[in-house]
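# Per-entry structural report
These are the residues of each chain, in order.
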Amino acid sequence: MEQLLRSQEAPALDQEQPVAFFPVRHHSPACAYHLQKAIEAYKPTCILIEGPENAQELAPVLAHPDTKAPVALYYFYRDLKGLLGEEKADYKCYYPFLDCSPELVALREARKRDIPARFMDLPYGEILLGTAENTGVRKEGEKQTYNDDYLLSRGRYLELLCEKTGLRSFAEFWEKYFEIGGLYLDTEAFIRQMLTYCGLSRQHSPREELRKEGCLLREQYMAWQIAQASKEHQRVLAVTGGFHTYGLWELLEKRESQEGSFLFYTGEPVKLHHLSKEEQGVYPLSYSMEAADALNGYASGMPSPGFYQRVWECLWEQEEPKGAYRKAVLEQLVRAGRQARQKKENISSYDEICALSMARGLAVLRGKEEPGLYELQDAALSSFVKGECTLSTDMPLRILQELNRGRQVGKLMEGALRPPILEDFERQCKKFGLKIQASARQEITLELFTKKKHLAASRFLYQMEFLETEFAKRKKGADLLNRRDRSRIREVWTYGFSSHVLSVLVDVSMSGGTVEEAARSRINSYFRKSVSSRDAAKLLTQGFLMGFLEEQAQMGMQLKQVLATDGDFFSLAEAFSHMRMLYELQELYQVKAFLELRELLESCFQKIIQLLPSMGQVDKEREQACMESCLSLYQITGKKDFRMLRPVLAEAFARLLQQKSVCPGLEGAVLGLLYGYESSWEERIFVAASGYLRSAQEQQLNSASFLRGLFYTARDFVFVGERFLIMIDGLLGNLEPEAFLRLLPELRRAFSYFTPLETDRIARQAAALHGASKEKLLGGLVVSPLEYAYGEELDAYARKRMEEWI
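Residues numbered from 1 in each chain as written. Predicted model: local features only at pLDDT ≥ 70, side-chain atom pairs only at ≥ 80, totals over all residues. Heavy atoms only, no water.

### A few points about the environment of K176
For clarity, the threshold we go by: For the purposes of this entry, the term helix denotes a DSSP run of H or I that reaches at least four residues, the term strand denotes a run of E that reaches at least two, and both are numbered from the N terminus. Any two residues whose heavy atoms approach within 4.5 Å at even a single point are treated as in contact. Side-chain atoms alone can form a polar contact between residues adjacent in sequence; in general such a contact is a pair of N or O atoms within 3.5 Å, and within protein one must be able to donate a hydrogen while the other accepts it.
Mapped onto the elements of the fold, K176 is located in helix 7 (residues 170-180). With 565 residues separating them in the primary sequence, K176 and L741 have C-alpha atoms 69 Å apart. Excluding residues that lie within four positions of it along the chain, K176 makes contacts with L167, G181, R366, G367 and K368. In this structure the side chain of K176 is engaged in a polar contact, spanning 2.9 Å, whose partner is the backbone oxygen of R366.

Structure (structure tokens):
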């Protein structure tokens, strides 16, 4: 506990001290409130703020009156020299600021008092280089934020603390003792309480773990910055994450000089890598409450920022801080109830009164001075939901959750530095007449092949879609990625601007200064990593849609290399289908001069026919895909440029049929294609069909699959003569009812390939085989005469009884 008691030695808000420390938790209204009071009491001549110092030039932007929170700093680092790994990856993180963020309050107060305010942490790139892999800001699988509040909310110490106090989580513990309870303390008492908790948290954190996470290195640098500032300024206020305060104070020693007292840095010097502007940078951007709340899962500060924003506003709407939470809870309940009624939910004013009463009662029961977020949520669940909480009854809770999250979107001052990609995005939207200021999603129709501007707009929207911005979504039109509706000449898109679009564009700004450059960089990166023909061909199609004409030749060369190493029949077949489609559409999309697809198609064709004979016993689940591949190969050989491949394909089909136990559906499909090449295969089809039809019962069940394959590739075979139809009719006539019912689903699939007119023609011929007309068959009884007569008797009996009652 001796370390803990050193809080008495830490500089208090005494103007005689050269440095005062103020420990904070990010986005905490109580910390922000007491920080403002501390600044009034200490009257610093300089404020140091925990934050990467390479954003120092942007501090005036954040503090400017025209900048409206939420805003954020976006840091990026390009590992161009491979200092972090051979892959030379890109790294990024966000540093969000809300109105109730102590750091933003410090910046605004410094501007108001006309005193310097500086960020004092290591530059973002240096933090990364000082952090071990998969720890701290380099932790994989998480959306990274600079804030490190997770240091206060982990470990066995906190678990025991929550268990001892009867609270469900760190967030609830923090709200009770610091957010609500903190408003009932004076500022110096609040600082002592913060130091006590943060000191205990640090005491239970292994030093080696702190070293790996880069905490110790950062504290060395920040302590050196504090020492330097104490020599230059009379009173320095250091605003730091509470976890770091003790670490900083241990590296500093108070000394005296002729000019007065100052703090001397006693730690090791920090060696920097002196990264260039090309390697690292930072941009300010407008942010949203929704994005700030989404980061909550990564210990970025307070959850439900909309609720705490309202608490912050209440703090300054009254003379005393006491009662701010009580007022915010009341307002959130009233607003949630009002909006629920607008959506036809059965929430009355009495329900709101009950919820408020319960929230206050829960606060008393839990030993809180006022109800907070968790009492608000629990009271709403009890009073607003009638019966069991399900998707059909939880609408009021979802409304409250949205209110607690907040809907505000920030705004930067005019002329603030922005990534070039945002300028390009706005320029492109203006060029194509896209209304990004509208609140609702808009719709646009593009005439692709009659207006060049519309084709360019389509390519821009595909680029935005490829970057996963969620800005635009194609509603109608050709779906080339899935090879559907390719003949459509119009596209209908819906689009809408949101903070998510902004966030993603900033994320990808490292890849290029324009939307097109970022999309091009990403697709080239994906292409280099692709190992299957399927994936490479899909990327080629996406590049085709995005209009990356210059890259098509290079991508084609890379695809050729992938084709040479790919031995997966289905991957090759899907790639072939994509390339065949592009080959047929390249002139229409005005890209013929940029990509030589013929050579790629021939190369892929040769690979597929080498593997084709071995596909005779393909799984039932993949049989249809194999049939589609065979048909695609057949169709390409019908084109003038590929007719010389017909004999090769016919030979491969023949070798496939020589295999033992060929799947019946595939056998039918291949025989149909061979019949398309040469009518002499007609007899072989009859032999195969009759073999299925006249075999044992188990083999007869495969006859429907055989017909499905045959009709898929050569449905005209049915109309060559009556012989084949008579054979099918004979099969159906000899089947037992149970066997027929088992065949029926597959038979329906087989006959589904015929057009309505063709089905009508088959029905007419089938009826003639039994000496009947189609009309007679359709108009016949579908029940036996005995059943029909019995039904008539029942009708007559029912009619007679009803007449008696009347």
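### Structural notes on the packing of aromatic side chains
Put simply, the test is: For Phe, Tyr and Trp, rings pair up if their centres lie within 6.5 Å, where Trp contributes its six-membered ring, and each pair is then called stacked (planes under 30 degrees apart), edge-to-face (over 60) or tilted (otherwise). Exposure categories follow from relative accessible area, calculated using a 1.4 Å probe and restricted to protein chains: below 20% of the type maximum is buried, above 50% is exposed, and the middle band is partly exposed.
This model, assessed by the stated rule, comprises 42 aromatic pairs. Where F307 meets Y308, the ring centres are 5.2 Å apart and the plane angle is 80°; that geometry is what we call edge-to-face. Classification of F307 as buried rests on a relative accessible area of 0%. Its relative accessible area of 1% is what places Y308 among the buried residues. Ring geometry for F425 against F497: centres 5.8 Å apart, planes inclined by 25°, an arrangement best described as stacked. With F425 in helix 18 (residues 420-431) and F497 in the loop between strand 12 (490-495) and helix 20 (499-507), this residue pair connects regions lying 72 residues apart in the sequence. Given a relative accessible area of 34%, F497 falls into the partly exposed group.

### Quick word on the sheet that holds strand 10 (residues 442-447)
Convention followed: Any two strands with at least two DSSP-identified bridges between them are counted as paired. Each axis is a line fitted through C-alpha atoms, taken for helices only over the stretch in contact, and angles between the N-to-C directions span 0 to 180 degrees.
Read from one edge to the other, the open sheet built from 3 strands follows the order 10-12-11, with strand pairing classed as antiparallel. The sheet is open, and its two borders are formed by strand 10 and strand 11 (472-476), each paired with just one other strand. Neighbour to neighbour, the strand axes of the sheet diverge by 30° on average, direction disregarded. In the sheet, strand 11 pairs with strand 12 via 4 bridges, with the strands oriented antiparallel. Residue pairing for strand 12: K476 is matched across the bridge by V492.

### Notes on the nonpolar core
The condition that has to hold: Residues belong to a common nonpolar core when they are buried Ala, Val, Leu, Ile, Met, Phe, Trp, Tyr or Cys residues joined through side-chain atoms within 4.5 Å.
Ranked by size, the top nonpolar core spans 234 residues in total, and within it F471 and F724 carry the most contacts. Here this core takes 10 residues from helix 24 (residues 569-585), the largest share from any one element. In contact with F724, other than residues within four places in its own chain, are I685, F686, A689, L707, L710, F711, F717 and V718. Residues C46, M120, A227 and V236 belong to the second largest nonpolar core, which totals 18 residues.

### What about helix 16 (residues 373-384)?
Our working definition: One less than the number of residues in a helix, times 1.5 Å, gives the span that helix is expected to have.
Taking 1.5 Å as the rise per residue, helix 16 with 12 residues should run 16 Å; its terminal C-alpha atoms sit 16 Å apart, in good agreement. Within the sequence span of helix 16, burial applies to L373, Y374, E375, L376, A379, A380, S383 and F384. Turning to helix 16, the residues buried within the fold contact helix 7, helix 13 (305-315), helix 14 (324-342), helix 15 (349-365) and helix 17 (395-405).

### Regarding a negative patch on the surface
To keep things clear, this is the line we draw: Nonpolar side chains (Val, Leu, Ile, Met, Phe, Trp, Tyr) within 5 Å and like charges within 9 Å form the patches, drawn only from residues with over 30% relative accessible area and no salt bridge. Under the convention used here, a 1.4 Å probe and the Shrake-Rupley method define accessible areas, while residue burial counts only the protein chains that appear. Any carboxyl oxygen of Asp or Glu within 4 Å of a side-chain nitrogen of Lys or Arg constitutes a salt bridge here. Charged residues are defined narrowly, with Lys and Arg counted positive, Asp and Glu counted negative, and His plus the chain ends left uncounted. In this description, the location of a charge corresponds to atom NZ of lysine, CZ of arginine, CG of aspartate or CD of glutamate.
A cluster of like negative charges, contributed by D14, E16, D186 and E188, occupies part of the molecular surface. For E188, a relative accessible area of 32% puts it in the partly exposed group.

### Overview of empty space enclosed by the protein
Short version of the rule: Cavity and pocket criteria rest on a 1 Å grid covering protein atoms alone: a 1.4 Å probe that fits but cannot get out defines a cavity, protein on both sides within 12 Å along at least 5 of 7 lines defines an open pocket, and an atom within 4 Å of a point defines a lining residue. Grid points are joined across faces, edges and corners, and a volume is the space filled by probe spheres set on the points. Charged means Asp, Glu, Lys or Arg here, nonpolar means Ala, Val, Leu, Ile, Met, Phe, Trp, Tyr, Cys or Pro, and polar covers whatever is left, Gly included.
Scanning the model with the defined rule gives 1 cavity of 30 Å³ or more in all. Here the largest cavity defines a volume of roughly 40 Å³. If you trace the largest cavity, you find it lined by L448, L455, S458, R459, Y462, E491, F544, L545 and Y589. The set of elements that each furnish at least two residues to the lining of the largest cavity consists of helix 19 (452-466) and helix 22 (533-546). By residue number, the principal contributor to the lining of the largest cavity is helix 19, which donates 4 residues. Within the lining of the largest cavity, the residues separate by chemical class into 6 nonpolar, 1 polar and 2 charged.

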